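Single-letter residue listing:
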Amino acid sequence: MKLYFAPNSRAVRIAWLLEELGLNYEIKKFTVGDKALRTSEYFKLHPMGRVPVLEDGNIKIYESGAILQYILAKYDKGKFCPNKNDPAFPYYLQWLHYAEGSIMGQVNIIVVETILLPPERKNEVNVARAFKLLNVALKNVDNNLKNKDYLIGSFSGADIMTGHACLGAKRVGADISNMTNLCNYLERLLSRVALQNAMLI
């Protein structure tokens, strides 16, 4: 397998999963915004010029959630994805998709408005609203983690998706100081060797 990767991007999720599963993979490393991602050659891999992309034999797939589901379906053997007949399965799916459905949209707005746009185009109203919605989304995660170490009880692919999104939210300035369950959860995630390895690539 070959992973097209950039630090501090959603590609970290995929490297983290590959590390958790102990799979062999090759890294093609870029930086976020790298001009090499805007070449005609790279557009053949990802038509929007982004990471991650995974090559697995003849398979070429992008979108971090889809890649994660693909890897789990093919290589997981039940370790990080509950069986469809498991009572936890619907909640696994919910938290798997919560990352992009409820957290990352607001994180993206904050990054654009506070980092990417020139000062004259920044909109404080957009930033304030994004932080407000992000706080609600994170508080929901915090409440769900009451008396649980991980989102569905045991560590799963949902933690890789939504846990990574929560780390991203904290990195852009979300205040989680009053969310004890979430703070402890993120510390548990950061103590995992697989995530540490993925973050060092």
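The present account deals with the structure reproduced in this document.

Analysis parameters
- Residues numbered from 1 in each chain as written.
- Predicted model: local features only at pLDDT ≥ 70, side-chain atom pairs only at ≥ 80, totals over all residues.
- Heavy atoms only, no water.
- Axes fitted to C-alpha atoms, helices over the stretch in contact; angles between N-to-C directions.
- Helix = DSSP H or I, 4+ residues; strand = E, 2+ residues; numbered from the N terminus.
- Parallel < 35°, antiparallel > 145°, perpendicular 65-115°, else oblique.
- Left-handed = near helix turned anticlockwise from the far one by under 90°.
- Contact = heavy atoms within 4.5 Å.
- Nonpolar A, V, L, I, M, F, W, Y, C, P; charged D, E, K, R; others polar.
- Buried < 20%, exposed > 50% of the residue type's maximum accessible area, 1.4 Å probe, protein only.
- Core = buried A, V, L, I, M, F, W, Y, C linked by side-chain atoms within 4.5 Å.
- Pairing = 2+ DSSP bridges.
- Disulfide = S-S within 2.5 Å.

A few words now on the packing of helix H6 (residues 157-171) against helix H7 (residues 180-190). Between H6 and H7, whose axes approach to 10 Å, the crossing angle comes to 110°. Accordingly, the angle class assigned to the pair H6 and H7 is roughly perpendicular. In the crossing of H6 with H7, the sense of the turn from one axis to the other is left-handed. Residues Asp159, Gly163, Cys166, Leu167 and Lys170 of H6 touch H7, and the partners they reach there are Leu182, Tyr185, Leu186, Leu189 and Leu190. Looking at the contact of H6 with H7, its residues break down into 7 nonpolar, 1 polar and 2 charged.

Here the focus is the side chain of asparagine 144. For asparagine 144, the position within the fold is in helix H5 (residues 124-144). A relative accessible area of 17% places asparagine 144 in the buried class. Sequence-distant contacts of asparagine 144, defined by excluding residues within four places in its chain, comprise Trp95 and Leu151.

Here we come to the nonpolar core. Grouped together as the largest cluster of nonpolar side chains are 62 residues, with contacts concentrated most on Leu68, Ile71, Ile103, Leu138, Val141 and Leu182. Ranked by the residues each element gives to this core, the list is headed by helix H4 (residues 89-116), at 10 residues.

To summarise the sheet geometry, strands pair through backbone hydrogen bonds and adopt either a parallel or an antiparallel arrangement. Strand order in this open sheet of 4 strands is S2-S1-S3-S4, and the pairing throughout is mixed. Whereas interior strands pair on both sides, the edge strands pair on one side only; in this sheet they are strand S2 (26-29) and strand S4 (59-62). Taking each pair of neighbouring strands and ignoring which way they run, the sheet shows an average axis angle of 20°.

Valine 51 connects to proline 52 through a cis peptide bond whose omega is 5°. As for its position among the elements, proline 52 is in the loop between helix H2 (40-43) and strand S3 (53-56). Unusually for a residue other than glycine, glutamate 63 sits at a positive phi of about 85°. Assignment of secondary structure puts glutamate 63 in the loop between S4 and helix H3 (64-76). Phi angles above zero are rare outside glycine, and asparagine 147 is one such case at about 65°. Note that asparagine 147 resides in the loop between H5 and H6.

Where S3 and S4 come together, 4 bridges link them in antiparallel fashion. When the sheet's bridge partners are listed, leucine 54 is paired in S4 with isoleucine 61. Here S3 folds back onto S4 in antiparallel fashion, the turn holding 2 residues, of which glycine 57 has a positive phi close to 65°.

In this section: the environment of alanine 137. Summarising the element assignment, alanine 137 is placed in helix H5. Alanine 137 gets classed as buried once you look at its relative accessible area, which sits at 6%. Taking the C-alpha atoms as reference, alanine 137 lies 9.5 Å from glutamine 106; in sequence the two are 31 residues apart. Each residue touching alanine 137, except ones within four places of it in the same chain, is listed here: Tyr98, Ser102 and Ile103.

What we call a disulfide is simply a covalent bond connecting the sulfur atoms of a pair of cysteines. Summed over all chains, the structure comprises 0 disulfides. No disulfide involves cysteine 166; its nearest neighbouring cysteine sulfur is the one of cysteine 183, lying 11 Å away. Judged by relative accessible area, cysteine 166 falls into the buried class, the value being 2%. By relative accessible area, cysteine 183 is classed as partly exposed at 25%.

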